[in-house]
Amino acid sequence: MTNTAHRIPSSANPMPALARQASRLRRPWLQRLRHGACTATLLLGAGMVAPAHAGSPDPMAFIDAQIAAHPGQSGAYVLDTGEEALLARAWLADHARKSIDVQYFIWSTDNIGILAAEALLRAADRGVRVRVIVDDLMIDAPDKTLLALALHPNIDIRIYNPQTSVGVPLQKRVLNVVTNFRGVNQRMHDKTLIVDGRIAITGGRNMADEYFDYDHEYNFRDRDVLLLSTAVQAMRASFEKFWKSELSVRVEDLYDGLGLMQRNVSVDDAEVTRLYRELHAYARTPANFAPEVHAAIAATPTAFDRLSRQMAWGRVDFISDSPGKNDNRVRLGGGGRSTTALARLVEGARERITIESPYLVLSDEAMALFRRALARGVKVRICTNSLASTDNLQAFSGYRNQRERLLAMGLQIYEYKPAPAIQRQLMQHRPGTGRTTPIFALHAKSLVVDGAVAYIGTFNFDPRSENLNTEVGAVIHDAALARAVEQAIETDMAPGNSWNAATEEPDAHVPLAKRSKVRMYQLLPLRPLL
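Values in this document were obtained by computation on a predicted structure and should not be read as measured data. (Residues numbered from 1 in each chain as written. Predicted model: local features only at pLDDT ≥ 70, side-chain atom pairs only at ≥ 80, totals over all residues. Heavy atoms only, no water.)

Section: the environment of E356
Here E356 shows up in strand β11 (residues 352-356). Using a relative accessible area of 0% as the deciding quantity, one classes E356 as buried. Leaving out residues up to four positions away in the same chain, E356 has contacts with R221, R223, C383, L442, A444, K445, S446, I489 and D492. Polar contacts involving the side chain of E356 include one to the side chain of R223, which spans 3.0 Å. (Helix = DSSP H or I, 4+ residues; strand = E, 2+ residues; numbered from the N terminus. Buried < 20%, exposed > 50% of the residue type's maximum accessible area, 1.4 Å probe, protein only. Contact = heavy atoms within 4.5 Å. Polar contact = N/O pair within 3.5 Å; in protein donor to acceptor, adjacent residues only side chain to side chain.)

This is the structure:
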C-alpha cells in the first residue's frame, strides 16, 4: 500500500495534461539522468545481464546461450538500486522479440509511467505482442489515453477488479463499497515484467518515479530480482491465470457503458494517432529522457559477461496467489498460497530469520508463527519503516498498537530513518531539488532464512498481504545470494540507517501533530484492512 497519486482528469487533449503533470520533474530529471549515464557502465557492471558479442544482430543471443548452458535451472540476480532496475526494464522492453507481459499494482502518469508506456508502444509498433494487467485501485491514466493504447492491434490492456476507478462513475463506486466491501478491498498487488517468456523481473517496485529514485520529495528503498529460464515459466503461468480470470476486464469493455453505472468513452482514429505521436514526442524530448540515458540503455550488453559471472543459477521457486486470493466473498480473512509458502519458510528456520518489510502488522496467526520460531531458539530481526519515514499512517498505527508486544516476544525490530546514511550510496545520482533531500523510506519486501534461502517479492508482513491482496515473489535457494540480501538488510538496520525500536524512541523524531494523527488511527478497528 502506498499513498494514492493525484489523478489527472481525462480531457480531449490528455497527453499535454500528462506533460504538465511531469513538468515539475523535467530539469532535475535531465541533470540526474545525464549524471547517471556517465556512470552507467559501472552501475550496469554491478548488475544486469550479459553481452551479445560486438556486432551481434540479436542482443538477446547471449541470454539464450546462458539459458541453454544451465538446463533445468533458473538464473537470479538482485536489482538493489532504482537506477539499475530502471535500466534493466528499459533495455528488456527495447529488445523484446515476441512478447511482453506486464502486471502492476500502480502505474502513474509521472515521467517513469509515461516513458514506460511509450516503451511498450514502441515495442508493439515493431510487432511485439504486449499484454498489460493493472490493478484498478491506483491506476493513474486519462481515460482516452488508456483506451487509445488498448486499441493498438498489438496491445491488450486489462484492469483487475474494476470497482472504483476505470470506467466507474462516482455513484457506482459508492454502491460497490457498500455492497461488496471485501471485493473492493481485494487487490492485485503483483508486480511482474516477463519478456519473451524467458527473462523477467519481479519485486517491490511499481511503475512510478518514487520506486526508481526520481521523486523530489519521497523515494523508496526497494528491491527486485531479475530471473532467467525455469522460474520464468512459473511466472508466466501465473500471469495467464490472471489474464484469463473474470476479474481481469478489457479496457474497451469498461468504456462502452450506457446509463449511470458505467462511463462511455470513445476515441476516433485521428485521436489515437495524435496520442501515439505525442507519447513518442514526449519520450524523444531531452528534457524528459536525456539522450545519454538512451545511450546507457543501448550500452547495456557491455555489462553482460560481468553478469554471467554473478548470476546465481540453481533452484528458484516462483510463488503466487490465485486471482481473488481465496474463496472468501464476505469475510476479510482466508489466507492464500503466498501466505502458506512464506509461513512454511519461517517454520523451517533453525538459526535466524531476517526480514525487511515496509509495513509490520501481525495477525494472530502470524504472531503465533513467530512465537514458535522464537521458542525454537531462532533469532528474528525485522527492519521496517519508522513513523518519520512511513508513507502509510494507517498501517503504522497497526504496528504502533503492537510494537511493545512484539518486542516483549523477543523480536528485534529496527525502524528506518527518513534520511539514512545509506541513501547517499543508493541514490548518489539523485540529489533532489537542491533545496531539500527527499525522504527515503523502505518498500523492499524480503525474507532470508538461515542465510541460505531468500525471498524477494511483493508480500508485506501485514493482514492485507496475508488475506486480501494477491502477492508474488521468488524464493531463491542460493546461499551466496541469500547472504548478500541479508547483508543488505543488516546494513539498513545499522545505527546510521535505522533506530533500534527497543532501546531508542523513534517516534520522538516526528512532530506532535503527526503522532497525534497516528494515535487517532490507532483507535479505529482497521487491523484486518492494514
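Thoughts on the pattern of salt bridges
A side chain of one charge can pair with a side chain of the opposite charge when the charged atoms of the two come close. According to the stated counting rule, one finds 33 salt bridges in the structure shown. Where E252 meets R250, a salt bridge forms, and the shortest distance between an N and an O atom there is 3.4 Å. Here R250 falls in the partly exposed class, since its relative accessible area comes to 34%. Between R400 and D507 there is a salt bridge, and its shortest N-O distance comes to 2.7 Å. Of this pair, R400 sits in helix α17 (residues 393-409) while D507 sits in the loop between β18 (498-500) and α21 (512-522), and the two are 107 residues apart along the sequence. Of the two residues, R400 and D507, neither departs from the other in class, the shared state being buried. Connected through salt bridges with shared partners, the residues E351, R352, R381, R483, E486 and E490 form a single ionic network. (Salt bridge = Lys/Arg side-chain N within 4 Å of Asp/Glu carboxyl O.)

Details of the packing of aromatic side chains
Per the counting criterion, the structure on display carries eight aromatic pairs. When the centroid spacing of 5.3 Å and the interplanar angle of 75° are considered together, the rings of Y218 and F220 count as edge-to-face. Taking relative accessible area as the criterion, Y218 reaches 18% and is therefore assigned buried. Clustering of aromatic rings is evident, with ring pairs tying together Y211, Y218 and F220. (Phe/Tyr/Trp six-rings, centres within 6.5 Å; stacked < 30°, edge-to-face > 60°.)

Examining the nonpolar core
Note on soluble globular proteins: their nonpolar side chains tend to be buried together. By size, the foremost hydrophobic cluster in this structure holds 75 residues, and its most contacted members are I100, W107, V130 and I157. The biggest single contributor to this core is helix α6 (residues 111-125), with ten residues. Apart from residues no more than four positions distant in its own chain, V130 is found in contact with I100, L120, A123, A124, N154, I155 and D156. (Core = buried A, V, L, I, M, F, W, Y, C linked by side-chain atoms within 4.5 Å.)

Quick word on the confidence of the model for the protein
Residues with a pLDDT of 70 or more make up 84% of the protein, whose mean pLDDT is 86. Below pLDDT 50 for its whole length, residues 1-56 participates in 162 contacts with residues either more than four positions away or in separate chains. (pLDDT = per-residue confidence, 0-100.)

Examining unusual backbone geometry
Residues other than glycine seldom take positive phi values, yet D196 does so here, at roughly 55°. Assignment of secondary structure puts D196 in the loop between β5 (192-195) and β6 (199-203). Backbone geometry places D450, a non-glycine residue, at a positive phi of 55°. By the secondary structure assignment, D450 is in the loop between β15 (446-449) and β16 (453-457).

Some remarks on the pairing of strand β2 (residues 99-104)
Most of β2 is tucked away, with six of its six residues classed as buried. The alternating pattern of β2 places S99, D101 and Q103 on one face and I100, V102 and Y104 on the opposite face, and all of these are buried. Two elements, β2 and strand β3 (residues 129-135), share six bridges in a ladder whose sense is parallel. By the bridge assignment for β3, Q103 is matched with I133. Traced from β2 through α6 to β3, the parallel crossover comes out right-handed. (Pairing = 2+ DSSP bridges. Right-handed = clockwise from strand over helix to strand, strands pointing away.)

Points about helix α15 (residues 337-347)
When α15 is considered as a whole, its buried residues turn out to be S338, T339, A341, L342, L345 and V346. In a view along the axis of α15, the buried residues occupy a sector of 165°, so they form one face of it. (Arc of directions from axis to C-beta.)

Structural notes on the packing of helix α7 (residues 143-150) against helix α12 (residues 269-284)
Contact pair α7 / α12: the axes reach a minimum separation of 10 Å and the direction vectors enclose 95°. Taken together, α7 and α12 sit at an angle that is classed as roughly perpendicular. When α7 is examined against α12, the residues K144, T145, A148 and L149 are found in contact with a partner set consisting of E271, V272, L275, Y276 and L279. Considered class by class, the residues forming the contact of α7 with α12 number six nonpolar, one polar and two charged. (Axes fitted to C-alpha atoms, helices over the stretch in contact; angles between N-to-C directions. Parallel < 35°, antiparallel > 145°, perpendicular 65-115°, else oblique. Nonpolar A, V, L, I, M, F, W, Y, C, P; charged D, E, K, R; others polar.)

Quick notes on the environment of A124
Structurally, the position occupied by A124 is in helix α6. Of the residues examined, A124 reaches a relative accessible area of 1% and is grouped as buried. The spacing of A124 and L149 is 25 residues in sequence and 10.0 Å in space, taken between C-alpha atoms. Not counting residues up to four positions away in its chain, the partners in contact with A124 are V130, H152, N154 and I155.

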